[in-house]
Every structure is written in structure tokens, then in C-alpha cells.
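Notes for the structure review
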There are 4 protein chains.
Amino acid sequence: MFSFRNDYSEGAHPLVLETLAATNLEQHVGYTEDELCAAARASIVREVFSADTTGVLARAGIAPQDIQVEFVAGGTMANLLVITAGLRPYECVVAAPDGHINVHETGSVEARGHKVVTTSDSAGLLTAQGIDDVMLEHCYGTNYHMVAPRMVYLSFATELGMVHTAKQLYDIRAYADSHDLMVFIDGARIACGLAASGCDVTLADICACADAFTLGGTKNGMLFGEAVVIRNPAIGKGFRNLMKQQGGIMAKGRLFGAQFGALLDTTGKQAGIPEAQGDEAAYFSLGRHSVKCALEVRRILEELGFDSWTCDSPTNQQFLTLDNERAQRFIQLFGCEDCGKPDREHTIVRFVCSWATPPEALEYLRQAVIDAGLA
Amino acid sequence: MFSFRNDYSEGAHPLVLETLAATNLEQHVGYTEDELCAAARASIVREVFSADTTGVLARAGIAPQDIQVEFVAGGTMANLLVITAGLRPYECVVAAPDGHINVHETGSVEARGHKVVTTSDSAGLLTAQGIDDVMLEHCYGTNYHMVAPRMVYLSFATELGMVHTAKQLYDIRAYADSHDLMVFIDGARIACGLAASGCDVTLADICACADAFTLGGTKNGMLFGEAVVIRNPAIGKGFRNLMKQQGGIMAKGRLFGAQFGALLDTTGKQAGIPEAQGDEAAYFSLGRHSVKCALEVRRILEELGFDSWTCDSPTNQQFLTLDNERAQRFIQLFGCEDCGKPDREHTIVRFVCSWATPPEALEYLRQAVIDAGLA
Amino acid sequence: MFSFRNDYSEGAHPLVLETLAATNLEQHVGYTEDELCAAARASIVREVFSADTTGVLARAGIAPQDIQVEFVAGGTMANLLVITAGLRPYECVVAAPDGHINVHETGSVEARGHKVVTTSDSAGLLTAQGIDDVMLEHCYGTNYHMVAPRMVYLSFATELGMVHTAKQLYDIRAYADSHDLMVFIDGARIACGLAASGCDVTLADICACADAFTLGGTKNGMLFGEAVVIRNPAIGKGFRNLMKQQGGIMAKGRLFGAQFGALLDTTGKQAGIPEAQGDEAAYFSLGRHSVKCALEVRRILEELGFDSWTCDSPTNQQFLTLDNERAQRFIQLFGCEDCGKPDREHTIVRFVCSWATPPEALEYLRQAVIDAGLA
Amino acid sequence: MFSFRNDYSEGAHPLVLETLAATNLEQHVGYTEDELCAAARASIVREVFSADTTGVLARAGIAPQDIQVEFVAGGTMANLLVITAGLRPYECVVAAPDGHINVHETGSVEARGHKVVTTSDSAGLLTAQGIDDVMLEHCYGTNYHMVAPRMVYLSFATELGMVHTAKQLYDIRAYADSHDLMVFIDGARIACGLAASGCDVTLADICACADAFTLGGTKNGMLFGEAVVIRNPAIGKGFRNLMKQQGGIMAKGRLFGAQFGALLDTTGKQAGIPEAQGDEAAYFSLGRHSVKCALEVRRILEELGFDSWTCDSPTNQQFLTLDNERAQRFIQLFGCEDCGKPDREHTIVRFVCSWATPPEALEYLRQAVIDAGLA
């Protein structure tokens, strides 16, 4: 069996393991204060600014020295740190109803004292209009009997694999600027988001639109690790104290440096990845691979007669809404995740491809569906 | 002008002030450990059990000695204490969307680390079905990526002045029993709830259906004060430590004893209240007064042509949905609270009567509406 | 028996009860937004600035319009609000080991996420040197593995009845200014502190030395209530949201206005209090009364042969260190509080006088000690 | 230069890297629900029970099926999870003053709402007597104005490298049993503790004495990872929900399984480690190596004339108290950690050896001290 359960079923891309092995006996100071991390931080800043072909960062007054990069092991930790760092105790974060922080982090934000207030946006695609409706309900922050919205959260790509357009992001940024809100973009799957078919957003756009965002490694070829990129000092202040307090700082911080360094290297080691475009870093090529495989999964399933897609995802996650019985069959055959029930008769199942999905997996999928009589 | 803004616009019923004055120079130990509080606790237990004409408490195995009564100054404090005491860190409380804890306590529950998860019930009338839908979404508490529902919260009466029927409450109790949930009934306006027209619920039913409930004093003739009645020791354990920690224990705890004592006295002092039934305590008669006045407000406004009631409230709060302009006029004339906008053209305004509403206020209302040309 | 247990054994001074009664049926908006509170706020600001006979406030650049006054029911609530409002999540507050927040508030500060770090100062008398030792241990806030000190807390008077000198307070202020610390002065017993024999501190000095301080009412003739006086907007921002969230805002906020208004009135009603000096408000005269009685208690006990004072308190609390047996006798006879054991053979007992202590109580004390054969 | 800064300066033992590489492309379900973790859990339980040569576990009524094992990335996370899981909101944890949770986790315990109360024990060696003094001060948990002690925390080995004797641990266990306290043993350096010269404690004793304890991997040859071993279901209940909420569950949980599996393997792969005793797992041999090297460091420094040891550590950390100038030289030469100043003239420096310390490092140390003229 091949599992399409998620994009963290495998270990790490060979480039990552090689770098870990190569640096293994070097002695480094702890807590991400080492040289490998310094280099990885520089690489991240380089990628952000080199993606800015039209000058959005300069126009927004953002310079490389304004960027703070911290590393944590996982996405929930990254999210709770940014949100906790940015909010005063009575302030809340606004998210789409299916935002990861709202449903799948066991109340992590609330555990730090903050309410997650939800808009009526769908598929995780937060909109300026959705935010404004929430602001209106909350008297634009002036009613002391209510929480005060102060940050908005969105994922790129979203829980359902969707991606905002550049216009949508800049609309949110403009709304935030005019209403004293911060914008936090959860990039746990940012490599797939940027590689989405039709995506018109660059890493520079993400940076220009966000007070803080993350670059996910766990779901893109690393053993673990998320980079938190902060450009608002109101979030960055004391961030490392907060990391320590929340159990989010890693003793062997060098592991982040080695891993991000491996995938952001542009000196030639990454060249062999099939989907590589130009001399881009492996980090981005791996996202392309994941998306390409998932769109192929979609094509195969469509050929086999499935078209009840939950939404029109252009990324590495594809969701089918199926009757309960067929859903269970898919779950058994491919390890698909059960993503809940839109009604009592149907279940949503998820197919995910990763940096590690091999061509054989796609052929296996087609054949297994046919063999099982599901087509 | 007479204000129909709320039921805490005035001070305290004369019986309360008299008792405070009469006991003023007595020396009492602090923190509700005094004799006045002991007597008030006994009175509360007496009222609960004397309301049990059909034996529901005995059948539920509830005896007077199982009841713990604590006193706090306000409703938000009562709510946060009960919820915090009952939940482990990853557990959540389920409420209707317009539950007080969800919208009007500035994220007080979240500030203690717990998510408030909402059903799709309306008018605050939580239902067993609504709870079950939430349980289903949360995999009946078995998914560690999500918060685990462990307590349900409802108000009696609700934010919109509605009251559950006895059947609705017992259905919720039965559901809770079969799903390892606790039930918390917020009785900030319980005296009005019990006095509602058509109400078939007694204080004994409340006690039988709840793991903990409150008896509100602030909105029913006291200067301040809520009695928290606890019959589940999982909530009661360490409750007084928690009270102290949360700033919810009052040094001159005697004030609760004096006030609840005054309004629960049944030795004759309360006899003069017009709405008194039998030899009931003033606490209940004051609720009757509030409700009677509010229903009269409703009758008057209906006579004057208003019928766009937001819901069919049988208690001391009446809500009209009006076009924005007329809503503003009512707010100016009667201090009505602006209760939000169902759409951009309309506003909900609230009329509240209290234990202190005089007959003249009703006549003033009628005349002022006519004089203002609103009829 | 007369109890010397504490200064909140009785109800309220008659001026307070009279004002409550006189305003009882007035309708006021809630949550301290009413006119009685507005007047009380103005009175507090007036008292602060009228106490400034030497221009310290002007020199510190503090003007009346910079002062924010909020009202809460009790001291623990006041403390937790100020501390929570002022600190980021990883910051801590520094206090003397026997600071109220460190030992007698059931971990209230920690419950909001902040560590209380203690100096080695004694009798609650925090010093600049004590603070600096803590700062050194915490690497002056630069070590992200440790909490970062950001606020210092002291009581005026302290838990043991001591008062800082003006020089001590200004030294702390100067230290705080040079080390980016805030100063919070807990004035639960400020009226007694200001009335202490030998006290050279004025209310203006308190204001000049503190980012926020409180004026206690509960222990000085009110039923309840503390005024929180804030002059640092970093604490004041969103303070009312925080009050609501923490259950610290009172629906009938008018009660604070009425009570503080009564005791800060200077139009003549207060003139009858024996200890009144000039036309000062009753608030201060009541503190004088408490202190005068307690010093008389001390004199009487010294005459009877007791001299093992725990410390040399100039205020309304006097502490004797006694062998365990005699301590128990005092506790039984006068309701003295057991304040712990310095060693296994001795116990500290506390005598407290209040605004309500009558002359007879002092005579009773003398006679009862003699009658019991304790002298 | 060779750094003696800490025991997490290097990456992972080759056995760990090999296992990670060997399992890299296997697909596993996430969040430690995979087979590698299942095997590692079984190995941990096996080690605990196989260490019980005298039947302490059976006498304590502890069976393998009572043991719950969870995996988290770091020590602060492990600590905060166990403490949060075990305490109600007003309960506190008792530790020695230099307990890691008290000084070096940036208030992590307080950030979850709990006070850390300290004894007067030294060198981290918590004693039953020290705990009892704290219990006395806290009225044995009966005073609701104070936090209630409910758990004790100790490290094995301590921050200063000391180890409790078996008698000391069993005394604490007995005290805890008779006072309704839980015992939590932080085993971040447990492998070195067990390997300490003169240690009479086994892993079975640790388990018998603790409600929960940890087995540290980060400081003993793994890239990262701590195993949390829980035998009190009051801690274990909902532990995985809490892990998720606190950002402490790892998506690629398999990494724990692979790493602990590698170091707990007893099928022969580990045989080559020089210090191996019998067929013990590498996990224990690596601890022996660390300790042996550190004791050699001590011997070398003593030969060179240094004898101002801060305490008599039998484990892999050695502390010298030096005048400030010499301390700085050692810090520069060997990357020693500055462990604070006992007085203004002296500094404590730390030498740490790890599983990776090579023989050359010890020779380098001797020569460098001589070359620098420090001897």
C-alpha cells in the first residue's frame, strides 16, 4: 500500500540527511545561536528579497535588516508564539472558520488566553470583507465587554489547499493597515502554495502583506522545523524569551540551520531535483513536486469518474466528498484522512502528495481504484 | 426621563439596605466565613429543596448536605470560576452562539485557557441536539487535535430573555449524563426566569439539571452578588482557593450574607411586596415584579403599533427590531441598549424592567412614545 | 469579646451608608461610567495634586489629565489587573518575599502567567539595592532562559505595617527609570500608611513614584472598593477590557462613586470625625483613627509587659512574637490572626485597629489581658 | 579549540543517524502513533522493569501495562506538560531553589498558571525535610489564601550534577504518599545520573519513586527528544491533547521512535561502545562515557592545582568557583558556561562532557591550561 495520508509520512529529503551527517560532529552553541542558523537566516532573507522583482518590499519600506527569523520545531508552536507575542490579554485573532488555529490545535490560542473569532469566509480564504463583518460585530474594538480584534490569521495554502490571490492578500493588508490590525500568514505549506497552479503570489508579496509569516519545513522535506519570519518588532520583542517559556526553543538549534540550509542552498547541490526551475533552491522545487503529483492524482481520479471535489484546490491536497461507504474504502486503500462529514451521508477524504511521492504511487493509485471496483 | 436600559440601574431594594445598616457595626470574620453567610447559605438550600414538590432531587440522589454555596460579586466572575474549576486545560465549554460567555465577557473563559465552542441554537436556547452536533464535530472528545467538550453552559433566562422548558433542561441533563458532560446554568436573571409567563421550571429542576448554577443578586434587587450553587464536587474542589486566586473572594463577605439573607427572609419582612405569592421570599417576588412590568411594556408598545419583537420573550427583557432611525430615537428617549444590527438597515433595542420599575415609568413610556410621534 | 482580627470586620462608615441610601433610587448607567464615579475620580485626582505642596508632580511632568482612575471591588483584583496590564508574557514582577502578591493571593499573578521574583528585603520594605540584586541574577533582563523583570511591587503600608520613607521611594523610582522598570504601589492600607507616625510621604509622592497605585477602601471604611490610579498609559491601555475579562468590573459601578465620593467629600460632612485635621476628607481621618488606636494598643501591651514586637510598625497593624501557648491565648481572646511561626516554639499574632475601633475596645483589651493572667 | 560548554554541542550518535537514514523513506502515520514509537515505548518499559532486580516495582504495585510513554522534543516542554497535567489551577509545584523549572525556563510553569515554590535545599537535592518546611508554611494546603502544594519536582541528576541517593528518593516518595503529593523526576540527564560514581539508584527506583519521570535524549546522543514516562493516570489523562495544545506533539513522531529505538537497541549494534557493560543499551553506555570523561576532566584539573569545586559532582558536569579573571580565561579557552556569581569577586564555570567527548579533548584541556599559564 502507498499512503496518501499526508505530506509528513516520510522522513527528510536526502539533501537534508546529508547535511545533518556532514555537520554531525561539529560543535555548535545551542538555541539557534550557531553559524549554521546564521547562514540559514541569511538564506531566507535572500529568498524573500530576491523574489521581489517589482519592488513591493522597498515600496512598503521593508529592508533586509528589519527581518527577524526564528526557528521552531512545529506549526502549532509557531502559531501560538506569534499570536501570543502580538496580542495584549484582551485582544483576539480573527480567522476563517476552518483556520488551523480554530479547529486543529486543541485550543492552543485559547490556552494562551486569546479568543479566536471567526469570519464567515469559506475554504480558509479569509477576506477583507469577512474581517470587516467581524470588526463591526465587535464595535471596531471599542466595546470593553468584548474582545478586541488585533490580528488576522490566514494560511497560505489553506487547510483545504486553496491559495489567496495577490489582490486578496493586498486587500487584507490594506484593511489591516487602516484598522490597526496585524496580519499573520501561516506558511506550513507555503512551498506548495507558491507552486500552486495559477498562483500570482511571491514570497515577497507574503512578506509585504504579513507582519509575520512562517516557512514550513516539516511538510516540505525536512525532518521538522518552521522558520518564523517577523518584520513587526511588536511581535519580535522578547520573542526568544517567549520561545523558551513555551518550550519552543531547541537545544540543538543547529538542526534548523542544517536543514533549512540544505534546502535553501543554491550552489548546485539542489540541481538534480526534476521539477527545479532555474537555479532555485530545493525548498521550492520540492513544493512543485508535491503539487504536480497531487494534480496528477486529481487527473487520474477524474479519469476514473470522480468529480465531487470538495473545493478546487490547486495545491498538494485534494479533497473528495464521497458517500460514507466509498469514503471508507478510500481511507482503507490509501490511508486518506477522514476530514469530517458535511452531512450524515457523506464524508470528505483527503489525498496528499509530498516531496517524496514517487511516480509509482500514482500508478498504484489508478490500479488500486480499478482493482477495488471503485471506478 | 426614565431609563429602561437595564435591571441594574438602581441601587438595592430597601430590605437589603436595611439589613446592611442593621448589621453594619457587627464584627464578622472575613471571606464569607461569617454567620450571616452561613444563614444565607442555609436559606438558599432551603429554597432549592422546598421548591421540589415532586421529588426530583431525591430521585436524582441529591441531598442538602451535597450542596456547596459560594458568593461572588458578579456574573462574569461566577462564570469563569465554575468553568475554570470544572475543566482540564484542553477541555472546552459548549454554549449557544449568543451565550453571555461567548460574546459579552471579553474572552473571560479563553483568558483561563478554555475555548468556548458554539452550537447553532438560537436565542440562547441550547438544545441537546445542538450539543450533539458539536460533539460529533469534535469526534465525541476522542480527537487529541481538538478541544474536548466537557461542560455545557446555558443561561436561565437567556440573553434574549427566553426560558428553557423543563423538558428541554432534562433532555440536556440526560444528554450530559450519557456523554460525560457537566451542565452549568447561569442564573444571573434566574428570578425573572422562574417568574416568566408559562415557565414550568422550578428551582429544584434547575438544581437537578445542573452540576452548578448561580442565583443572581445584582439584577434582582441587591447592590451586587451572585450565589454559586455547586453540587458536583469535581467543581467544588478547591473552589475557594480559586476564588481567592481570581480576585473573586470578598474581604467583607458578610455583605453577601446580609443581602441574600434579606431577600431570602421568609419571616414576614418581605410581605409588603405587591407581587408576593404566599409567603415566598422577596427574591422571587422581585423577579415577578420585573417580569410583570416588562410584559406591560410590551403590551403598551403593541397597543402603540409595535410588533417587530426580536423574539417572544416571557421575561423582564423585551427586544424590538427597528429601522435604524427609530431605534436611535428609542435609545435616546428611554436609554435602551443598542443590541446590535441583524442587517445594515435595522437595529435591535432592548427594554428592561427591574425590581425597581415604578408604575409611573410605564405611563411615561406610553406618553413619551406618543409625544415623540413614534406611534 | 472585641476582635482585633483585622480592619475589615465591620461594615462601612456611616457617611458611606448614608450616601448609598441617598442615591439608591437614582438610575445610573453601569460599569463606573456614571456621574457618581466621575465625581469620585475627580476627587481622587484633586487629592493627589493638592497633596503636592512642593511641586514633585509638576517636576515629574505629571498633569491631572494624565491620570486614569478605575474602580474594582478588592485588592487582589486590583493587583492582578495592574500587573497583567503592564507585563508581556515572559516578564516578571519583583517583590519583597512577604509581598502580598507573593504569599497571600493564591498565586494570582502566576495564574496570569507571570512569575513573582523576590528580593531579600525584609518586612516588605523593598529597596533599590534589593531590586538590583535581582536584576543582576536575571542578567538585567538579557538572558532569554530567564524571566525578565519589568515591574516592581511594594505595599504602602507593607504586610507588616511598615512604611517606606520618601527617600526610599524616590530611590526605587530612580532605579526603575534607569532600568526600564515600572513601579506599582499597592495602597490597600494607604490611608494608614500616610497617617503613620513619622511618615514623610504624601499622596503626591506616591503618585510621582508609581506608574500605578491603589487607594484602598475596603480596609478604610468602605463596604468594598479599591481605586486604581494609573499614570502610565502602557498599563492603562485596554485596562477596562481587562477589568471585564477578569471579572473585575462591577455592574453597579455607581457604588464605587458613592462610596469614594462619601469619604473624599470635603464640603463639611466629614467634619465630625475626631481625628480630622483641617478640612481633610474623611478617607484620611479614618486612617488616622486606625493608626492612633493601634499605637494605643501597643502602648497598653507594653505597659502590661509585652515588648517582643515583630517589627516596629508605625501603623494600624501591630505584631507580637510570642511563645506558642500565649499566642493561642491572644488568638482566643481577641481574634488575633495567626501570622505564622518564625520557629517551632513561637507564633506571630497580629492586632489590627480600624476606622471603627471604639475607645471601649482598648479598655477591654487591657482588662482582658489582666483578667486572663497574661500580663 | 574544543568546547566543554555543554552536552548538546554535537549532533547525534552514529547509531541514531544510521537508524534515521535506514527508515527515512518508510511511510509512517504521524504524532508518535507509528510502529517505531510503539517499539521504542516497549523498549523503555522493558528497561524500567529489567532494572528492577529487587522487586520494588511489584511491591509498589506497578505493572508494565500501567506505564504510559509519550515523546516530546525538549525538556522544558516535558516539564511544563507534566506539571500542567497534574495540577489544578491553584496548586503549585515544589522545587529546590536552583531547580531548572525555577530559574532557567523563563517562567514556563508560571506561564501555565502555577507557582513554583522553593525549599531551602541546596545543589538541587530536594529533601523530604525541605518539602515539609514548605508544606508547613503553606498550612499543609488548607489555607485558601495560598497556593496548595501538589507536586514536587527534582532533577536526576541535578543542575549542579548531583544525584540523590536511593534513600533520599524513597523518603521523598514516602512523604509524598502521606501528604497527597505527586513526584516528578526530570531526567534530562538521567543517563549520567545512573552512571554517576557511587550511584545506588536504578531506573526501577526512579519509576517507583515518581508519578512521572523523563528520559532525556537531547543530552545523551540524540538529535533531540525526551521520553515522558507516566504511571499516574491523573497526569496521563488527556496528556496527548495537552501535548498538541502546547505545541509539543511532533508531526513526524517516528523520529522519536527511530532515535530512542536506536539507543535502546540491545540486539548487538550497540556493542562497540567502549564503556558498554554487559549487553546494556547504548543509551546507558553513552551516559557512562560522559561521566567518565568529566571525572577525568576533574582529575586533570586537580593535578593542575584546581580544587575549588562548587560541589562534589559525580556526573558529567563539573563546576569550579574561580576568581572572576581566571573564570573568564576558562570561558574563553573552553567555552565553559558562566554559571553565575556567588559573590562579586567570583564566578562559577562549568565543564561538561558528552557522549561525543573524544580522548583528545582531555589532553587538549591539560595542555591548554598549562600553555595559558593558568596552572
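This is a predicted model, so every value here is computed, not measured.

What follows concerns the overall build of chain A. Helix and strand counts for chain A stand at 16 helices and 10 strands. In summary, chain A has a C-alpha radius of gyration of 21 Å against a globular reference of 21 Å for 375 residues, a match within 12%. Projected onto the principal axes, the alpha-carbon positions of chain A cover approximately 55 × 55 × 40 Å. Residues counted as buried form 66% of the 375 residues belonging to chain A. Across chain A, contacts joining residues at least 24 apart in sequence account for 70% of those joining residues at least 6 apart. Per element, the accessible surface of chain A, about 12100 Å² overall, is 53% carbon and sulfur. When the 29 positive and 46 negative side-chain charges of chain A are each reduced to one mean point, those points stand 4 Å apart.

Now for the interface of chain B and chain C. Each side of the interface is counted separately: chain B has 46 residues, and chain C has 46 residues. The junction of chain B with chain C conceals about 3600 Å² of combined surface from both sides, 55% of it contributed by carbon and sulfur atoms. In this assembly, chain B and chain C are joined by zero salt bridges. Secondary-structure elements contributing two or more residues to the side of chain B that touches chain C are helix H1 (14-22), helix H4 (75-86), helix H6 (108-111), helix H12 (239-245) and helix H13 (254-264) of chain B.

Time to look at the interface of chain B and chain A. On the chain A side, the residues contacting the 22 residues of chain B number 22 residues. Where chain B abuts chain A, roughly 1600 Å² becomes buried across the two surfaces, and 50% of that area is made up of carbon and sulfur atoms. Summed over the three residues of chain B that lose the most area to chain A, namely Thr106, Glu110 and Lys115 of chain B, the buried surface amounts to 34% of that side. Linking chain B with chain A are four salt bridges, by the criterion used here. Of the charged contacts, one joins Arg344 of chain A and Asp133 of chain B as a salt bridge, the two residues approaching to 3.3 Å between their closest N and O atoms. In this structure, the connection of chain B to chain A is made through 14 residue pairs in polar contact (both at pLDDT 80 or more). Those elements giving two or more residues to the side of chain B that touches chain A turn out to be helix H5 (100-103), H6 and helix H7 (128-137) of chain B. Looking at side-chain class alone, the side of chain B that touches chain A contains eight nonpolar, eight polar and six charged residues.

Bringing the relation of the copies chain B and chain C into the picture now. Expressed as a screw transformation, the operator carrying chain B onto chain C has a rotation angle of 180 degrees and an axial translation of 0.0 Å, and the superposed copies differ by an RMSD of 0.0 Å. A rotation of that kind, with that shift, is consistent with a two-fold axis.

Here we take up helix H15 (residues 324-334) of chain D. Three or four residues apart is the spacing at which side chains of an α-helix point the same way, because the helix has 3.6 residues per turn. Residues and elements named next belong to chain D. Within H15, the full set of buried residues consists of Ala327, Phe330, Ile331 and Phe334. Projected down its long axis, H15 carries its buried residues within an arc of 100 degrees, all on one side. Opposite the packed face of H15, turned more than 90 degrees from it, sit the exposed residues Glu325 and Gln332. In this fold, the buried residues of H15 make contact with helix H14 (282-303), strand E8 (317-323), strand E9 (337-338), strand E10 (346-352) and helix H16 (359-371).

Once that is clear, we can look at the relation of the copies chain B and chain A. You can overlay chain B on chain A at an RMSD of 0.0 Å; the transform is a turn of 180 degrees with a shift of 0.0 Å along its axis. By residue overlap, the copies meet face to face through one surface: 100% of the interface positions of chain B are interface positions in chain A.

On to the packing of aromatic side chains. Aromatic ring pairs: the centre-centre distance and the angle between the two ring planes describe each pair. Throughout the structure, instances matching the rule amount to 65 aromatic pairs over all chains. Summarising the aromatic geometry, the rings of Phe224 of chain B and Phe224 of chain C are spaced 4.9 Å apart at their centres and angled 70 degrees between planes, so their arrangement reads as edge-to-face. Here Phe224 of chain C lies in the loop between strand E6 (212-216) and strand E7 (226-230) and Phe224 of chain B lies in the loop between strand E6 (212-216) and strand E7 (226-230), a pairing that spans two chains. There is no split in this pair, since Phe224 of chain B and Phe224 of chain C are both buried.

Of the consecutive residues Phe156 of chain B and Ala157 of chain B, the connecting peptide bond is found in the cis state with omega at -5 degrees. Tracing the backbone through its elements, the reader meets Ala157 of chain B in the loop between strand E4 (148-155) and helix H8 (166-178). Backbone geometry places Tyr140 of chain A, a non-glycine residue, at a positive phi of 50 degrees. Take Tyr140 of chain A: it is sitting in the loop between helix H7 (128-137) and strand E4 (148-155). Of note, Thr32 of chain B is a non-glycine position whose phi angle comes to about 70 degrees, a positive value. Relative to the elements of secondary structure, Thr32 of chain B occurs in the loop between H1 and helix H2 (35-50). Take Thr32 of chain B: its relative accessible area is 2%, and that puts it in the buried class.

All names here are of chain B. Using the criterion set out here, one finds 88 salt bridges over all chains in the structure. A salt bridge links Arg240 to Glu70, with the shortest nitrogen-to-oxygen separation between them at 3.0 Å. One end of the pair, Arg240, is in helix H12; the other, Glu70, is in strand E1 (residues 68-72), with 170 residues separating them in the sequence. Here the two residues Arg240 and Glu70 agree in accessibility, since each one is buried.

Attention now moves to the sheet that holds E10 of chain D. Residue and element names in this part refer to chain D. Read across the sheet, three strands follow the order E8-E10-E9 without closing on themselves; strand pairing throughout is antiparallel. Every other strand in the sheet has two partners, leaving E8 and E9 as the edge strands with one partner each. Here two bridges tie E9 to E10, and the two strands are oriented antiparallel to one another. From the neighbouring strand, Glu337 faces E10, where its bridge partner is Arg350.

Below, the discussion takes up the side chain of Ser354 of chain A. Residues and elements named next belong to chain A. With respect to the helices and strands, the residue Ser354 is situated in the loop between strand E10 (346-352) and helix H16 (359-371). Owing to a relative accessible area of 1%, Ser354 belongs among the buried residues under this scheme. Within polar-contact distance, the side chain of Ser354 engages the side chain of Glu10 at 3.2 Å. Filtering out sequence-adjacent residues up to four positions away, Ser354 remains in contact with Asp7, Glu10, His289 and Ser290.

All names here are of chain A. Direction vectors running N to C along helix H13 (residues 254-264) and helix H14 (residues 282-303) enclose 75 degrees, while the axes themselves pass 6 Å from each other. Taken together, the axes of H13 and H14 lie roughly perpendicular to each other. For the pair H13 and H14, the contacting residues are Phe260, Leu263 and Leu264 in the first and Ala282, Tyr283, Phe284 and Leu286 in the second. Taken together, the residues that form the contact of H13 with H14 break down as seven nonpolar, no polar and no charged.

With that settled, the discussion passes to the environment of Gly257 of chain C. Residue and element names in this part refer to chain C. The residue Gly257 is located in helix H13 (residues 254-264) in this model. Taking the C-alpha atoms as reference points, Gly257 and Val48, separated by 209 residues in sequence, lie 17 Å from one another. Not counting chain neighbours up to four residues away, the residues in contact with Gly257 comprise Leu36, Cys37 and Ala40.

With that settled, the discussion passes to the nonpolar core. Grouped together as the largest cluster of nonpolar side chains are 149 residues, with contacts concentrated most on Phe213 of chain B together with Phe213 of chain C. Counting 148 residues, the second largest nonpolar core, distinct from the first, contains Val16, Val48 and Met222 of chain A together with Ala227 of chain D.

On to the pairing of strand E2 (residues 91-95) of chain B. Residue and element names in this part refer to chain B. Among the five residues of E2, five are classified as buried, and the element is accordingly described as predominantly covered. Residue alternation in E2 divides its side chains into two sets, Glu91, Val93 and Ala95 and Cys92 and Val94, and both sets are buried. Sheet topology note: the E2/E4 ladder contains four bridges and is parallel. Directly across from Cys92, in E4, lies its bridge partner Pro149. Two strands pair when backbone bridges link them, and E2 and strand E3 (residues 116-118) are joined in this way by three bridges, in the parallel orientation. Within E3, the residue paired with Val94 across the bridge is Val117.

Criteria and thresholds
Residues numbered from 1 in each chain as written. Chains lettered and ligands numbered in written order. Predicted model: local features only at pLDDT ≥ 70, side-chain atom pairs only at ≥ 80, totals over all residues. Heavy atoms only, no water. Helix = DSSP H or I, 4+ residues; strand = E, 2+ residues; numbered from the N terminus. Rg over C-alpha atoms; globule rule 2.2 N^0.38 Å. Buried < 20%, exposed > 50% of the residue type's maximum accessible area, 1.4 Å probe, protein only. Contact = heavy atoms within 4.5 Å. Areas by Shrake-Rupley, 256 points an atom, 1.4 Å probe, with all protein chains shown as cover. Lys, Arg positive; Asp, Glu negative; His and termini not counted. Charge placed at Lys NZ, Arg CZ, Asp CG, Glu CD. Buried area = accessible area lost by both parts, 1.4 Å probe. Salt bridge = Lys/Arg side-chain N within 4 Å of Asp/Glu carboxyl O. Polar contact = N/O pair within 3.5 Å; in protein donor to acceptor, adjacent residues only side chain to side chain. Nonpolar A, V, L, I, M, F, W, Y, C, P; charged D, E, K, R; others polar. Least-squares fit on C-alpha atoms with pLDDT ≥ 70 in both. Arc of directions from axis to C-beta. Phe/Tyr/Trp six-rings, centres within 6.5 Å; stacked < 30°, edge-to-face > 60°. Pairing = 2+ DSSP bridges. Axes fitted to C-alpha atoms, helices over the stretch in contact; angles between N-to-C directions. Parallel < 35°, antiparallel > 145°, perpendicular 65-115°, else oblique. Core = buried A, V, L, I, M, F, W, Y, C linked by side-chain atoms within 4.5 Å.

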